[in-house]
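Structural characterization, general
This is what each chain is made of:
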Amino acid sequence: MITFKQAIEASRQAVREMFGNIPTDVEEIEVEDYHDRECWAITLSLYRDASENLAAIVGKNSLAKDYKRFYVSRETGEVLGVVIREVAVGW
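Here's what I pulled together on the structure shown here. Keep in mind the model is a prediction, meaning the values are calculated, not measured.

Topic: the packing of aromatic side chains
Following the criterion strictly, the structure yields 2 aromatic pairs and no others. With a centroid separation of 4.3 Å and an interplanar angle of 10 degrees, the aromatic rings of Tyr 34 and Tyr 71 are classed as stacked. Residue Tyr 34 is located in strand β1 (residues 24–34), and its partner Tyr 71 is located in strand β3 (residues 65–73); the two are separated by 37 residues in the primary sequence. Among the residues examined, Tyr 34 registers a relative accessible area of 19% and is labelled buried.

Comments concerning the side chain of Ser 73
Tracing the backbone shows Ser 73 in strand β3. Its relative accessible area of 1% is what places Ser 73 among the buried residues. Within polar-contact distance, the side chain of Ser 73 engages the backbone nitrogen of Glu 75 at 3.2 Å. Excluding anything up to four places from it in sequence, Ser 73 contacts Ile 2, Arg 37, Glu 38, Cys 39, Glu 78 and Leu 80.

A few points about the pattern of salt bridges
Per the stated rule, a full pass over the model turns up 6 salt bridges. For the salt bridge of Arg 16 with Glu 9, the shortest nitrogen-to-oxygen distance reads 2.6 Å. Residue Glu 9 is classed as partly exposed on the basis of its relative accessible area of 40%. When the shortest N-O distance is used, the salt bridge between Glu 30 and Arg 69 registers 2.2 Å. With Glu 30 in strand β1 and Arg 69 in strand β3, this residue pair connects regions lying 39 residues apart in the sequence. Taking the relative accessible area as the measure of exposure, Arg 69 reaches 6% and is therefore buried. Look at the salt bridges and you will find they share partners, linking Glu 28, Glu 30, Glu 32 and Arg 69 into a network.

Rules of the game
Residues numbered from 1 in each chain as written. Predicted model: local features only at pLDDT ≥ 70, side-chain atom pairs only at ≥ 80, totals over all residues. Heavy atoms only, no water. Phe/Tyr/Trp six-rings, centres within 6.5 Å; stacked < 30°, edge-to-face > 60°. Helix = DSSP H or I, 4+ residues; strand = E, 2+ residues; numbered from the N terminus. Buried < 20%, exposed > 50% of the residue type's maximum accessible area, 1.4 Å probe, protein only. Polar contact = N/O pair within 3.5 Å; in protein donor to acceptor, adjacent residues only side chain to side chain. Contact = heavy atoms within 4.5 Å. Salt bridge = Lys/Arg side-chain N within 4 Å of Asp/Glu carboxyl O.

What follows is the structure in structure tokens.
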């Protein structure tokens, strides 16, 4: 069994492999089944490129981020899947 901290590091390593060394923040940590395997479900926010964030700052909006949910096997620590995490709009 791996800890949630190890699952976060595995998720961040996957981000580095896919997108390079970009800043991430941990948004959610849950335990879920993914394809019949018990997983840590780690949601990370990834900051978009500088030009988009400059526009956000000038426009006084929040920084532009994308959200990815990583499914990490609790047994092996392997990243089994990555999905785009949609953000709810409206209150």
